[in-house]
Amino acid sequence: MRTEQNDSDDLDEMLAEEISTYEDGTPPWDDLDPGVVPLVRAFSKMPGIKSVSSCEGHPECNGQEAEWHIGWVLRSADPEVSIIDAGPHPEGWLLTEWLLWHANDLARAGYNTVGSTSVPPPFMNFPGRALTFWVHGALRGEKTMAPDEYLANLCETWEKTGYGELEEQADSEKQS
């Protein structure tokens with residue numbers, strides 16, 4: 001019985017730390033794959049979302065299956081309280097809809113890029129954090145886009161829709 005209590009305490013502590021990281025943390029810039037940093041920086045400046053996973057892809061390890069990705073979650077509507085208490089950020093929902101449309105529109109144009117969602121079992125996450133959104137892109141094959149090419153296309157499309165600031169933000173990050 002004592003062991004079960006200790007396991008429960010450890011799990012509670014781990015979940016509390018994870019919740020804190022999601023709500024207060026920023027991407028670990030020094031630990032990111034260099035080829036995806038500009039994309040993560042651009043996503044980090046978008047309203048209502050927070051990037052939580054990224055990879056530039058590793059053809060040397062994964063061969064023809066190599067792909068890059070970026071994953072994000074919605075931020076809380078109120079930065080002072082959790083998403084459980086405040087609900088998701090409204091701009092985050094609208095932006096996510098647009099980002100998934102953009103990735104899937106590229107796929108419809110023949111690019112090997114796709115937007116998706118994942119929802120692991122609740123015991124692997126905590127309430128309000130089970131849903132993660134993704135953009136994946138193959139690095140090998142026909143009509144591929146590396147992360148920097150995807151970001152350039154994203155910025156160009158973003159500007160055409162009237163959200164012109166993204167390109168300026170992404171360019172200023174490249175210069176610093």
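Fair warning: this is a prediction, and the values are worked out from it, not measured in the lab.

A few words on the sheet that holds strand β1 (residues 49–55). Overall, antiparallel pairing links the four strands, which are arranged β1-β2-β4-β3 in an open sheet. Because the sheet does not close on itself, it has two edges, and the strands there are β1 and β3 (113–118). Mean inter-strand twist for the sheet, computed between neighbouring axes without regard to direction, equals 20°. Pairing analysis gives six bridges linking β3 to strand β4 (residues 132–138), with the strands arranged antiparallel. Bridged to T117 within β4 is F133.

This part covers the environment of V81. Tracing the sequence through the fold places V81 in the loop between β2 (67–74) and α4 (83–86). Residue classification places V81 among the partly exposed positions, given a relative accessible area of 33%. Ignoring anything within four residues of it in the chain, the contact list for V81 reads S76 and A86.

When a protein is soluble and globular, its nonpolar side chains tend to lie buried together. If you look at the biggest cluster of nonpolar residues, it comprises 28 residues, and the most contacted ones within it are L39, F43, I49, W72, L99, Y150 and L154. Every element with two or more residues in this core is listed here: α2 (37–44), β2, α5 (90–108), β4 and α6 (147–160). In terms of residues, this core owes the most to one element, α5, which gives six residues. The contacts of L39, once residues within four sequence positions are left out, are W68, I70, P147, Y150 and L151.

Applying the stated criterion to the full structure yields six aromatic pairs. Considering the side-chain rings of W98 and W158, the 5.1 Å spacing of their centres and the 85° angle between planes classify their relative orientation as edge-to-face. Placement of W98 in helix α5 and of W158 in helix α6 is noted, with a sequence separation of 60 residues between them. Side by side, W98 and W158 carry an identical accessibility label, which is buried. In textbook terms, an aromatic cluster arises when at least three aromatic residues are bridged by ring pairs, as seen for F43, W72, W93 and F133. The aromatic ring of Y111 is capped on one face by K143, whose charged end is 4.5 Å from the ring centroid.

Together, W93, V119 and L131 line one region of the surface with nonpolar side chains, adding up to about 280 Å² of accessible area. With respect to the helices and strands, the residue V119 is situated in the loop between β3 and β4.

This next bit is on unusual backbone geometry. In this structure, K143 takes a positive phi of about 50° despite not being glycine. Assignment of secondary structure puts K143 in the loop between β4 and α6.

Moving on, we come to the packing of α5 against α6. Relative to each other, α5 and α6 sit at 120°, their axes nearing to 11 Å. Judged by the angle between their axes, α5 and α6 are oblique. The crossing of α5 and α6 is right-handed. The residues of α6 that touch α5, namely those facing L95, W98, L99, W101, H102 and L106, are Y150, N153, L154, T157 and W158. Split by residue class, the contact of α5 with α6 holds eight nonpolar, three polar and no charged.

Interaxial distance between α2 and α6 falls to 8 Å at its minimum, and their mutual angle equals 35°. Judged by residue contacts, P38, L39, A42 and F43 of α2 engage P147, Y150, L151 and L154 from α6. Among the residues forming the contact of α2 with α6, the class breakdown is eight nonpolar, no polar and no charged.

Moving on to the side chain of S76. Tracing the sequence through the fold places S76 in the loop between β2 and α4. Overall, S76 belongs to the buried group, its relative accessible area being 6%. Within the local environment of S76, its side chain forms a polar contact with the backbone oxygen of D78, the two atoms lying 2.9 Å apart. There is a polar contact of 2.9 Å between the side chain of S76 and the backbone oxygen of V81.

Conventions and cut-offs
- Residue positions within a chain follow its written sequence, with the count starting from 1.
- In keeping with the predicted nature of the model, local features appear solely for residues at pLDDT of at least 70, side-chain atom pairs appear and are counted solely at 80 or more, and the whole-chain, interface and lining totals rest on all residues.
- By convention in this description, side-chain values take in all heavy atoms of the structure and omit both hydrogens and water.
- Should DSSP find at least two bridges between two strands, the strands are taken to pair.
- Strands are runs of DSSP state E lasting at least two residues, helices are runs of H or I lasting at least four, and both sets are numbered from the N terminus onward.
- Axis definition: a line fitted to C-alpha atoms, limited for helices to the stretch in contact. Angles are taken between N-to-C directions and run from 0 to 180 degrees.
- For every residue, the accessible area obtained with a 1.4 Å probe (protein chains only) is divided by the maximum for its type, and the residue is called buried under 20%, exposed over 50%, and partly exposed between those limits.
- We call two residues contacting when some pair of their heavy atoms lies within 4.5 Å.
- Residue types Ala, Val, Leu, Ile, Met, Phe, Trp, Tyr and Cys, when buried and joined through side-chain atoms within 4.5 Å, form a set referred to as a nonpolar core.
- Only rings of Phe, Tyr and Trp enter the pairing, Trp through its six-membered ring, and a pair is recorded when the two centres are within 6.5 Å. The plane angle decides the type: under 30 degrees is stacked, over 60 is edge-to-face, the rest tilted.
- By the criterion adopted, a ring carries a charge over it if an Arg CZ or a Lys NZ lies within 6 Å of its centre and within 35 degrees of its normal.
- In this analysis, a patch consists of residues with relative accessible area above 30% that form no salt bridge, clustered at 9 Å for like charges and at 5 Å for the nonpolar side chains Val, Leu, Ile, Met, Phe, Trp and Tyr.
- Each accessible area is a Shrake-Rupley result for a 1.4 Å probe, and residues are judged covered by the shown protein chains and nothing else.
- The term salt bridge refers to a side-chain nitrogen of Lys or Arg lying within 4 Å of a carboxyl oxygen of Asp or Glu.
- To sort the angles, those under 35 degrees are grouped as roughly parallel, those over 145 as roughly antiparallel, those from 65 to 115 as roughly perpendicular, and the leftovers as oblique.
- Here a crossing is taken to be left-handed if its near helix is turned anticlockwise relative to the far helix by less than a right angle, and right-handed if that turn runs clockwise.
- Residues are grouped as follows: nonpolar covers Ala, Val, Leu, Ile, Met, Phe, Trp, Tyr, Cys and Pro; charged covers Asp, Glu, Lys and Arg; every other residue, Gly included, is treated as polar.
- Here a polar contact means two N or O atoms within 3.5 Å. Within protein one must be a hydrogen donor candidate and the other an acceptor candidate, and residues neighboring in sequence count only if both atoms are side-chain atoms.

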